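Notes for the structure review
Here is what each chain is made of, one letter per residue.
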Amino acid sequence: MKRCFAAILIPTACLLAACSTGDSDTVGAYLDQSPPGDSAVIFAPGLVSVEGRYEFAVSFSPDVQELLVTGVVPGRPAGLLHFSATDSGWIGPREVRLADGQRAEEMEAFFTPDGSRIYFAPYDQGRDVRIWAVDRDEEGWGSPRQLGPPVADDPAFYPTTTADGVIYYSNISEEGIFRATVYGDSVSEVRDTGLEAMHAFIAPDESFVLIDVREDGHDNADIFVAFRQEDGSWSPPVNLGSGVNTEFDETCPSLSPDGRFIFFSRYNEPNGVANVYWVSASVIQAAREGPAAAR
């Protein structure tokens, strides 16, 4: 079944437009929020970060004119929230159902770097979560479907991708980050990356990966970065420092399409509810130069 998300999500707007420029200087970029420095601040309070609701897994379209984020009100099903920039400003959120109602709950939707596909993680209560995809075609967007084996062999979520189609995802059974090469709907070359984390955002050129890690002896998770080595292995993860990490849990990192900002969730509301924060990606370069610089 062919679908046009523009008709399903927000009838008055042209949504989910294809773009490969990654130009963040267009009108309305980042919900008109003032860019952060190297100390994280809450993102779009009252719009994206709403009191009493969990928000996590931020993904902007390549032209930075659309936002998908997971929102969960305690006691209600998880859902995907969509914001869109128009000539008169940003509109939303609207809840989207990328799986066409085939699953009760949906989360963690990520645009691919070229905007041609969205990966996401739908599930039913009592059923294992799996990774799905929906592609753009000449009529808008095609039918959503689950990725096949071997990715489908284990429960999985948090799917992010490189510019050449390599997918990184969380293998729940193995409690680690796996890497798979995807050609259309065919999946091959699946392997364990050795990264001990539950959420990973891979850079488009695969040169680094953002992860959340709960270190031994620490009660809370922090955001780290690991750098790809010449032999394809990963450097030891480097903590992104006090500008990002606090005594609260910080999880679910992602990178803006232009590489300028990191988004993540901080569980600092009463009862451990998360808000979205953002920070300049300059903290990655500080981490590359050495742990002391990052801290």
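Located above this text is the structure these notes cover.
**Looking at helix 2 (residues 282-289)**
- Along helix 2, the positions that sit buried rather than exposed are V283, I284, A286 and A287. An end-on view of helix 2 places all buried positions within 160° of arc, on one side of the element.
- Of the residues flanking the end of helix 2, it is G290, one or two places downstream, whose phi is positive at about 145°.

**Topic: the sheet that holds strand 2 (residues 54-60)**
- Taking strand neighbours across the sheet as the criterion, the four strands line up as 2-3-4-5 in an open arrangement whose pairing is antiparallel. Across the chains shown, the open sheet's two edge strands, defined by having one partner strand only, are strand 2 and strand 5 (89-96). Taking each pair of neighbouring strands and ignoring which way they run, the sheet shows an average axis angle of 25°.
- Direction of pairing for strand 2 relative to strand 3 (residues 66-72): antiparallel, over a ladder of five bridges. What sits directly across from F56, in strand 3, is T70.

**A short note on unusual backbone geometry**
- Here the bond from G92 into P93 is cis, since omega is 10°, no more than 30 degrees from zero.
- Within the secondary structure, P93 is located in strand 5.
- Of the consecutive residues P149 and P150, the connecting peptide bond is found in the cis state with omega at 0°.
- You can see P150 is positioned in the loop between strand 10 (145-146) and strand 11 (156-161).
- In the Ramachandran plot, D32 falls in the positive-phi region, its phi being about 60° despite a non-glycine side chain.
- Looking at the element boundaries, D32 is found in the loop between helix 1 (5-9) and strand 1 (41-42).
- Backbone geometry at V64 places phi at a positive 60°, although glycine is not the residue there.
- Its relative accessible area of 0% is what places V64 among the buried residues.

**Some points on the environment of V190**
- Along the chain, V190 falls in strand 14 (residues 186-192).
- Among the residues examined, V190 registers a relative accessible area of 28% and is labelled partly exposed.
- The sequence separation of V190 and R179 amounts to eleven residues, and the corresponding C-alpha distance is 5.5 Å.
- In this view, V190 contacts P150, V151, Y169, F178, R179 and A180; residues no more than four positions away in its chain are not counted.

**Points about the packing of aromatic side chains**
- Under the counting rule described, the total for this entry stands at 17 aromatic pairs.
- With a centroid separation of 4.9 Å and an interplanar angle of 70°, the aromatic rings of F110 and Y158 are classed as edge-to-face. Here F110, found in strand 6 (residues 105-111), pairs with Y158, found in strand 11; they are 48 residues apart in sequence, far enough to count as distant.
- The class of F110 is buried, set by a relative accessible area of 2%.
- Residue Y158 is classed as buried on the basis of its relative accessible area, which comes to 0%.
- Summarising the aromatic geometry, the rings of Y169 and F178 are spaced 6.1 Å apart at their centres and angled 40° between planes, so their arrangement reads as tilted. As far as the burial class goes, Y169 and F178 line up, both buried.
- One aromatic cluster is present, formed by Y30, F43, F60, F261, F263 and W278 through successive ring pairs.
- The ring of Y277 has R266 sitting right over it, with the charged end atom 4.3 Å from the ring centre.

What counts, and where the lines are drawn
Residues numbered from 1 in each chain as written. Predicted model: local features only at pLDDT ≥ 70, side-chain atom pairs only at ≥ 80, totals over all residues. Heavy atoms only, no water. Buried < 20%, exposed > 50% of the residue type's maximum accessible area, 1.4 Å probe, protein only. Helix = DSSP H or I, 4+ residues; strand = E, 2+ residues; numbered from the N terminus. Arc of directions from axis to C-beta. Pairing = 2+ DSSP bridges. Axes fitted to C-alpha atoms, helices over the stretch in contact; angles between N-to-C directions. Contact = heavy atoms within 4.5 Å. Phe/Tyr/Trp six-rings, centres within 6.5 Å; stacked < 30°, edge-to-face > 60°. Lys NZ or Arg CZ within 6 Å of the ring centre and 35° of its normal.

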